[in-house]
Amino acid sequence: SQYKGVFLCSSDGGSDMRQISPLPSSDVEFSGDGRSIFSASYGSVVVLDVETGSPLYNIPHIGIARTLDLSPNGEILATVDWNDSLHLFYAPRP
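Rules of the game
- Residues numbered from 1 in each chain as written.
- Predicted model: local features only at pLDDT ≥ 70, side-chain atom pairs only at ≥ 80, totals over all residues.
- Heavy atoms only, no water.
- Helix = DSSP H or I, 4+ residues; strand = E, 2+ residues; numbered from the N terminus.
- Rg over C-alpha atoms; globule rule 2.2 N^0.38 Å.
- Buried < 20%, exposed > 50% of the residue type's maximum accessible area, 1.4 Å probe, protein only.
- Pairing = 2+ DSSP bridges.
- Axes fitted to C-alpha atoms, helices over the stretch in contact; angles between N-to-C directions.
- Salt bridge = Lys/Arg side-chain N within 4 Å of Asp/Glu carboxyl O.
- Polar contact = N/O pair within 3.5 Å; in protein donor to acceptor, adjacent residues only side chain to side chain.
- Contact = heavy atoms within 4.5 Å.

Colleague: Quick question: what am I supposed to make of the overall build of the chain here?
Modeller: Along the chain, the regular secondary structure elements total zero helices and seven strands. In the chain, the succession of α and β elements from N to C terminus is β-β-β-β-β-β-β. Computed over the C-alpha atoms, the radius of gyration of the chain is 13 Å, within 12% of the 12 Å expected from 2.2 N^0.38 for a compact globule of 94 residues. In terms of principal-axis extent, the alpha carbons of the chain reach across some 35 × 30 × 20 Å. Looking at the 94 residues of the chain, the share that counts as buried comes to 32%.

Shown next, in the form of structure tokens:
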């Protein structure tokens, strides 16, 4: 595909598509307030500002984070790597 990275698109199927990050991502999760995106990538989880696409935080990760999720209160970030190991982090607050 010609599109790689993290993109925000309108709900009508792609008009107004905007790239947030050029980094490949295996999973993304919006913060509770919708102002940042947690992006699972190679060797890290990158927290990006939705408006600017600027990286806010880089959370080092052993291996490749395959999937991620935030706790309901947004305080804990859970990831699973390709070996099915669970990793828990305190989620940064932008």
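Colleague: Hey, could you run me through the sheet that holds strand E3 (residues 27–30) in this one?
Modeller: Backbone hydrogen bonds are what pair the strands of a sheet, in a parallel or an antiparallel way. Across the sheet, which stays open at both edges, the five strands sit in the order E3-E4-E5-E6-E7 with antiparallel pairing between neighbours. Strand pairing shows two members of the sheet lacking a second neighbour, E3 and strand E7 (86–90), which therefore form its edges. Across the sheet, the mean angle separating the axes of adjacent strands is 35° when strand polarity is ignored. As paired strands, strand E6 (residues 76–81) and E7 are joined by five bridges and run antiparallel to one another. Across the sheet, Ala78 pairs through a bridge with Leu88, a residue of E7.

Colleague: Explanation requested: the pattern of salt bridges in the structure shown.
Modeller: For side chains bearing opposite charge, pairing can occur when the charged atoms are close. Using the criterion set out here, one finds two salt bridges in the structure. Arg35 is the partner of Asp33 in a salt bridge, and the nearest nitrogen-oxygen pair spans 2.9 Å. Relative accessible area serves as the criterion here: at 47%, Asp33 is assigned to the partly exposed category. Arg35 sits in the exposed class, given a relative accessible area of 55%. A salt bridge links Arg66 to Asp84; its shortest N-O distance comes to 2.5 Å.

Colleague: Got a minute to help me understand the side chain of Thr79 in this structure?
Modeller: Topologically, Thr79 is positioned in strand E6. Taking relative accessible area as the criterion, Thr79 reaches 0% and is therefore assigned buried. At 2.6 Å, the side chain of Thr79 and the side chain of His61 are in polar contact. Ignoring any residue separated from it by four or fewer positions in sequence, one finds Thr79 in contact with Val45, His61, Ala65, Thr67, Leu68, Ser85, Leu86, His87 and Phe89.

Colleague: Please explain the pairing of E6 as it appears in this structure.
Modeller: Two faces make up the sheet, and in a regular strand the side chains alternate between them. On E6, burial follows the alternation: Leu77, Thr79 and Asp81 on one face are buried, whereas Ile76, Ala78 and Val80 on the facing-out side are not. Sheet topology places strand E5 (residues 55–70) next to E6; five bridges connect them, and they run antiparallel. Residue pairing for E6: Thr67 is matched across the bridge by Val80. Connecting E5 to the next strand, E6, in antiparallel fashion are five residues, including Gly74 with a positive phi near 75°. Hairpin connection between E6 and E7: a loop of four residues separates the two successive antiparallel strands, and Asp84 in this loop has a positive phi of roughly 65°.

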